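# Survey of secondary and tertiary structure
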Amino acid sequence: QVQLVESGGGLVQAGGSLRLSCSASGSIFSFLRFNVMGWYRQAPGKQRELVATITSGSSTNYADSVKDRFTISRDNAKKTVYLQMNSLKPDDTAVYYCNGIREGQNYWGQGTQVTVSS
């Protein structure tokens, strides 16, 4: 069973930066079988929403609210997906979840809290 583990969340002031990491268990070959990996977030009282995705071919997609501020990337050798978050705003406060889609199955991490103070 593949596990995804997020790290890098925390408390930051508005305008600051954080980098989230999502590490996958198993082999590199297992990681490469993820067709799409992404980050989602869920703020209190709101539905989980897409933040960014990256395909196995490194094509990326971003929510309009984070374009030009966030960058998703993946390092296959390290079996890790990153989310670099710059110019953070209080509205970015949420629990951030890593997601991977492999052979039609969704995998989720446990989430990491990001809090942006004004």
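The preceding data block contains the structure.
This text gives an overview of the structure that appears in the document. (Residues numbered from 1 in each chain as written. Predicted model: local features only at pLDDT ≥ 70, side-chain atom pairs only at ≥ 80, totals over all residues. Heavy atoms only, no water.)

Within the protein chain, the regular secondary structure consists of 1 helix and 11 strands. Reading the secondary structure of the protein chain in the N-to-C direction produces β-β-β-α-β-β-β-β-β-β-β-β. Its C-alpha radius of gyration of 14 Å places the protein chain within 12% of the 13 Å reference for a compact globule of 118 residues. A principal-axis box enclosing the C-alpha atoms of the protein chain has dimensions of 40 × 25 × 20 Å. (Helix = DSSP H or I, 4+ residues; strand = E, 2+ residues; numbered from the N terminus. Rg over C-alpha atoms; globule rule 2.2 N^0.38 Å.)

Before going further, it helps to spend a moment on the pairing of strand β5 (residues 49-55). The sheet contact formed by strand β4 (residues 36-42) and β5 spans 6 bridges and is antiparallel. When the bridges of β5 are listed, Tyr40 appears paired with Leu50. Where β5 lies against strand β6 (residues 60-62), 3 bridges are found, and the strand directions are antiparallel. Within the sheet, the bridge partner assigned to Thr53 lies in β6 and is Asn61. Taking the residues between adjacent antiparallel strands as the criterion, β5 and β6 are bridged by 4 residues, where Ser58 takes a positive phi near 70°. (Pairing = 2+ DSSP bridges.)

Further remarks concern the pattern of salt bridges. By the definition in use, this model includes 5 salt bridges. The partner of Arg33 in a salt bridge is Glu103, and the shortest N-O contact between them spans 2.8 Å. Residue Arg33 is found in the loop between α1 (28-32) and β4, and its partner Glu103 is found in the loop between β9 (94-102) and β10 (105-108); the two are separated by 70 residues along the sequence. The exposure class of Arg33 is partly exposed, given its relative accessible area of 30%. For Glu103, a relative accessible area of 57% corresponds to the exposed category. (Salt bridge = Lys/Arg side-chain N within 4 Å of Asp/Glu carboxyl O. Buried < 20%, exposed > 50% of the residue type's maximum accessible area, 1.4 Å probe, protein only.)

Further remarks concern the packing of aromatic side chains. Using the criterion set out here, one finds 3 aromatic pairs in the structure. Members of the aromatic cluster, each reached through a chain of ring pairs, are Phe31, Phe34 and Tyr107. Over the face of the ring belonging to Trp108 we find Arg48, whose NZ or CZ atom lies 4.6 Å from the ring centre. Over the ring of Phe34 we find Arg102; its NZ or CZ atom is 5.4 Å from the centre of that ring. (Phe/Tyr/Trp six-rings, centres within 6.5 Å; stacked < 30°, edge-to-face > 60°. Lys NZ or Arg CZ within 6 Å of the ring centre and 35° of its normal.)

So, on to the environment of Trp108. Its place among the elements puts Trp108 in strand β10. Here Trp108 is in contact with Leu4, Tyr40, Arg48, Tyr97, Cys98 and Asn99, once residues within four sequence places are set aside. (Contact = heavy atoms within 4.5 Å.)

Let's shift gears to the pairing of β4. A regular strand places its side chains so that they alternate between the two faces of the sheet. Here β4 folds back onto β5 in antiparallel fashion, the turn holding 6 residues, of which Gly45 has a positive phi close to 75°. As paired elements, β4 and β9 share 7 bridges and run antiparallel to each other. When the bridges of β9 are listed, Gly38 appears paired with Asn99.

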